[in-house]
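Close look at the chain arrangement
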Amino acid sequence: MKSNTVTPYKNRLSKKEQVAGMFNHIAPRYDFLNHFLSLGIDRVWRRKVVKKLKENPPERMLDVACGTGDLAIATAKRIPDIKIDAVDIAAVMLERAGVKIDRRNLGFNVHLNIGDAEDLQFPDERFNAVTSAFGVRNFEDLEKGLSEMYRVLKKDGSIIILEFSQPRKGLFAMLFKLYFNAILPFIGRVFSGNNRAYAYLPESVNAFPERENFVKLLEQSGFKNSYYKTFTFGVACMYYGKK
């Protein structure tokens, strides 16, 4: 499924080139804006992913589109001796992740890799778990990315994906739509200095095949026992599947 109909910029570069450039530009303010714009709830969502991982703690994990490393760091802090490969397409984001990992003395646990989520540099059946937090909607070819995640996962391994969603009912859904589509892009533009990054955010979420539709994509990619769980009145979803 090509998802390049929604891109950060209106130019001739591929979606993945635009995404890498956008995140490299906003990397210095990325963590601040993430926590500020979500009122810190994004940390709670990541802890829920780690809690799910701890039900069957993996020895080796791959974190795809790892950004500045928040999910990899949260996992390494709570699952002793785990080995995590974290991969991202944006070099400056990885630099920020490296600083945070070194500050927490987690270099033994987390290894950073620059790379393309749709062409992973790892061998087949390498990992017990594959994760991604707020990254898959940025894939240029979503089905190819999921196929790669399936390929590197061991038999009986788990995939856990955390992604934004859209509340569907009631006053909260109406208020969130106003915040997400109008207020958030304005605040993000002011603090990040990037006119498109936080306008692209709601655009990419609105275009993403969420909930039941994404579960179908997981199943089409070969995953079984797939389901989703909503967080914070539907603002985010955790997707789970087994190989």
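Now for a description of the structure that goes with this document. (Residues numbered from 1 in each chain as written. Predicted model: local features only at pLDDT ≥ 70, side-chain atom pairs only at ≥ 80, totals over all residues. Heavy atoms only, no water.)

1. Topic: the overall build of the protein
When helices and strands are counted, the protein shows eight helices and seven strands. In summary, the protein has a C-alpha radius of gyration of 17 Å against a globular reference of 18 Å for 243 residues, a match within 12%. Referenced to the eigenvectors of the C-alpha coordinate spread, the extents of the protein come out at roughly 45 × 35 × 35 Å. Among the 243 residues that make up the protein, the fraction classed as buried is 56%. In the protein, once contacts between residues fewer than 6 apart in sequence are set aside, the share between residues at least 24 apart is 72%. In the structure as shown, the protein presents an accessible area of about 11400 Å², 54% of it carried by carbon and sulfur atoms. Averaged over its 38 positive side-chain charges, the protein has a centre that lies 6 Å from the centre of its 27 negative ones. (Helix = DSSP H or I, 4+ residues; strand = E, 2+ residues; numbered from the N terminus. Rg over C-alpha atoms; globule rule 2.2 N^0.38 Å. Buried < 20%, exposed > 50% of the residue type's maximum accessible area, 1.4 Å probe, protein only. Contact = heavy atoms within 4.5 Å. Areas by Shrake-Rupley, 256 points an atom, 1.4 Å probe, with all protein chains shown as cover. Lys, Arg positive; Asp, Glu negative; His and termini not counted. Charge placed at Lys NZ, Arg CZ, Asp CG, Glu CD.)

2. Notes on unusual backbone geometry
A positive phi angle, close to 55°, is found at Asn105, a residue other than glycine. As for its placement among the helices and strands, Asn105 is situated in the loop between helix H4 (91-103) and strand S3 (110-114). For Asn105, a relative accessible area of 68% translates into the label exposed.

3. Looking at the environment of Pro80
Tracing the backbone through its elements, the reader meets Pro80 in the loop between helix H3 (70-78) and strand S2 (83-88). In this structure, the C-alpha to C-alpha distance between Pro80 and Arg12, residues 68 residues apart in sequence, is 45 Å.

4. Remarks on the layout of surface pockets
The computed volume of the largest pocket comes to approximately 570 Å³. Taken together, 29 residues line the largest pocket, and the ones lying closest to its centre are Leu37, Ser38, Phe164, Tyr179 and Leu184. Among the secondary structure elements, those contributing two or more residues to the lining of the largest pocket are helix H1 (15-37), helix H2 (41-54), helix H6 (170-192) and helix H7 (197-207). Among the elements that line the lining of the largest pocket, the one with the most residues is H1, at eight residues. Along the lines of polarity and charge, the residues of the lining of the largest pocket split into 23 nonpolar, three polar and three charged. Here the second largest pocket is characterised by a volume of approximately 290 Å³. Every residue lining the second largest pocket is listed: Asp31, His35, Arg43, Arg46, Arg47, Asp70, Ile73, Ala74, Lys77, Arg78, Lys100 and Arg104. Going through the elements one at a time, H1, H2 and H3 are the ones with two or more residues in the lining of the second largest pocket. The leading source of residues in the lining of the second largest pocket is H3, at five residues. In terms of residue class, the lining of the second largest pocket is made up of two nonpolar, one polar and nine charged. (1 Å grid on protein atoms, 1.4 Å probe; cavity = no way out; pocket = protein on both sides within 12 Å on 5 of 7 lines; lining within 4 Å. Points joined across faces, edges and corners; volume = space filled by probe spheres on them. Nonpolar A, V, L, I, M, F, W, Y, C, P; charged D, E, K, R; others polar.)

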